[in-house]
Amino acid sequence: MIFSWTQQTFVRDLFDWFEIYGREHLPWRVDRAPYNVWVSEIMLQQTQVAKVLDYYSRFLEKFPNVSTLAEADEEEVLRLWEGLGYYRRARQLHAAARQIVERFGGVFPSRYEDVLSLPGVGRYTAGAIMSFAYDKHYPILEANTQRLFSRLIALRTPTAASESQKRLWEIAGSFVSRETCDSPRIINTALMDLGSLICTPNAPQCEKCPLQNACEAFKKDLTKQIPVAKKKVFYENRHEIALVIWENAQKKRVCLVRCKDSGRWGGLWDFPRAVVLGDEVDFDFAQNFTKNLVGLALKKVALLQTFRHGVTKYRIFLECFEAFCEDAGDIFEKTPEGECVQWVEVQKLRQFPLSSTGRQIAQILESGLDETSKIC
């Protein structure tokens, strides 16, 4: 027995709490079709519920089933995903939809092994789909339940450690066994909500927790120490430039480059962008970079806008410049690495999936903003 309470008592108290405070209003819980659950689970990976809500509704409106998603162009999927981040998820979702059509006749699989075999689906996501869509007895372990279980057993080792993961998965499995509960869907959902709403990372509301008497961390006054803190992430400062290259003085079309598949924005489009190793950006730097990447020689370069943003381990200072080219006919069809290069009308930029800063630059161009405070 893992807890001081019996599992039956645990389940009953969890049910009672969930009936009052659970978030059954969330759209993927209202309509638990396997396709809907799958889309929501992929979107929720490393992303908060509040941000996912709008994206989820728009995505299902555009792609209401596996077939419509499979038939879509990848860029169309990425455009709808734009701003949600971690774009590899969207590409894997699209690839998985095509596999479902090819392997399962367009019907979302109901076997755990088949679900797990899909691109972008790991142990947690497969278990979540089986539990939430089919009410099958499969455990889940994500950030909220991981924190909850760690406190319940006063786990004193990092949760990412292999032994910790093994133990936490065992605990997760004990809650949704056939002997423990009749509805693993409700138990898993209640555990996630309890972790999200009550057993929060900072200042958990232990006085409101239905499992307070079973929690070893609470008994030992260790809720601030558990889970054991991760190693501090050290962010690397990075200087980048992006170039808005106009085809001519009429300022109707700009140069876009498709990001390589292996990059951080694989499959998206962006303005030509480079990492700056020194402190200053001069005309020669911009000229050489542009010539090598897309084949264009530049006339003059002027600062348009600056941005500060974060991507994974980097804190990026981005300078966006605008420039005119000597001869638009010299533009490469592809970059030296084989990525597409294209002239795009400003009003059509909204049709292309762009990085977050790329979209901000596009909006500046669409609004007609023209700041030229610095000439290189």
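Keep in mind the model is a prediction, meaning the values are calculated, not measured.

Focus on unusual backbone geometry
Where the residue is not glycine, phi is negative for most of them; where a peptide bond is considered, it is trans in most cases. A cis geometry characterises the amide bond from I226 onward to P227, with omega recorded as 0°. Mapped onto the secondary structure, P227 falls in the loop between α13 (216-219) and β1 (236-246). A positive phi angle, close to 50°, is found at Y86, a residue other than glycine. By the secondary structure assignment, Y86 is in the loop between α6 (74-81) and α7 (88-104). Classification of Y86 by relative accessible area gives partly exposed; the value is 46%. One non-glycine residue, K251, adopts positive backbone phi at about 55°.

Let's talk about the pairing of strand β6 (residues 314-325)
For β6, the buried fraction is high: 10 of the 12 residues fall into the buried class. Across 11 bridges, strand β5 (residues 298-311) lies against β6 in antiparallel orientation. If you follow T306 over to β6, its bridge partner there is E319. Linking two consecutive strands that pair antiparallel, namely β5 and β6, is a turn of 2 residues; a positive phi of about 50° is found at T312 within it.

Let's talk about the state of the cysteines
Per the counting criterion, the structure on display carries 0 disulfides. C209 takes part in no disulfide bond, and the closest cysteine sulfur to it belongs to C199, at a distance of 6.5 Å. No disulfide involves C325; its sulfur sits 8.6 Å from that of C255, the nearest cysteine.

Details of empty space enclosed by the protein
Scanning the entire structure with this criterion turns up 2 cavities of 30 Å³ or more. Here the largest cavity defines a volume of roughly 110 Å³. Along the walls of the largest cavity sit 14 residues, with R151, C199, C206, C209 and C215 positioned nearest its centre. The element that contributes the greatest number of residues to the lining of the largest cavity is helix α10 (residues 143-152), accounting for 3 residues. In terms of residue class, the lining of the largest cavity is built from 10 nonpolar, 3 polar and 1 charged. Considered as a void within the structure, the second largest cavity measures approximately 30 Å³ in volume. For the second largest cavity, the full set of lining residues is W38, I42, Q45, R89, Q92, L93, P119 and G120. Here the lining of the second largest cavity takes 3 residues from α7, the largest share from any one element.

Description of helix α4 (residues 49-62)
Under the 1.5 Å per step criterion, the end-to-end length of α4 is 20 Å for 14 residues, consistent within 8% with the ideal 20 Å. The complete set of buried residues in α4 reads V52, Y55, Y56, F59 and L60.

Focus on the packing of aromatic side chains
Each pair of aromatic rings is reported with the distance of its centres and the angle of its planes. All told, the structure shown has 9 aromatic pairs when counted by the stated rule. With centroids separated by 5.4 Å and ring planes inclined at 50°, the aromatic side chains of W38 and F108 adopt a geometry described as tilted. Of this pair, W38 sits in helix α3 (residues 34-44) while F108 sits in the loop between α7 and α8 (112-116), and the two are 70 residues apart along the sequence. Judged on exposure class, the residue W38 and its partner F108 are both buried. Aromatic side chains F149 and F175 sit 5.1 Å apart centroid to centroid with 55° between the ring planes, which places their arrangement in the tilted category. Separated by 26 residues along the polypeptide, F149 in helix α10 and F175 in helix α11 (residues 162-175) bring together distant segments of the chain. With a relative accessible area of 1%, F149 lands in the buried category. Within the aromatic cluster, the residues linked to one another by ring pairs are Y35, W38 and F108. Note that R123 overlies the ring of W169, its terminal NZ or CZ placed 3.8 Å from the centroid.

Quick notes on the rules
In this numbering scheme, every chain counts its residues from 1 along its sequence in written order. With the structure being a predicted model, the display of local features is reserved for residues of pLDDT at least 70 and the display and counting of side-chain atom pairs for 80 or more, all residues being used for whole-chain, interface and lining totals. In computing side-chain values, all of the structure's heavy atoms are included and hydrogens and water are not. A run of H or I in DSSP counts as a helix once it spans at least four residues, and a run of E counts as a strand once it spans at least two, with each numbered from the N terminus. Partly exposed residues are those whose accessible area sits between 20% and 50% of the maximum for their type, while under 20% is buried and over 50% is exposed, using a 1.4 Å probe and protein chains only. The criterion for strand pairing is that DSSP finds at least two bridges linking the strands in question. In this description, a disulfide is simply a cysteine sulfur pair whose atoms lie within 2.5 Å. Of the two site types, the cavity is a set of points on a 1 Å grid over the protein atoms alone where a 1.4 Å probe fits but cannot get out, and the pocket is an open set with protein on both sides within 12 Å along at least five of seven lines, each lined by residues with an atom within 4 Å of a point. Grid points are joined across faces, edges and corners, and a volume is the space filled by probe spheres set on the points. Ten residue types, Ala, Val, Leu, Ile, Met, Phe, Trp, Tyr, Cys and Pro, are classed as nonpolar, four, Asp, Glu, Lys and Arg, as charged, and the remainder, Gly among them, as polar. By this rule, a helix spans an expected 1.5 Å times one less than how many residues it contains. Each Phe, Tyr or Trp ring (for Trp, its six-membered ring) is paired with any other whose centre lies within 6.5 Å, and the angle between the two planes then decides the class: stacked below 30 degrees, edge-to-face above 60, tilted in between. To sit over a ring, a charge needs its Lys NZ or Arg CZ within 6 Å of the ring centre and within 35 degrees of the ring normal.

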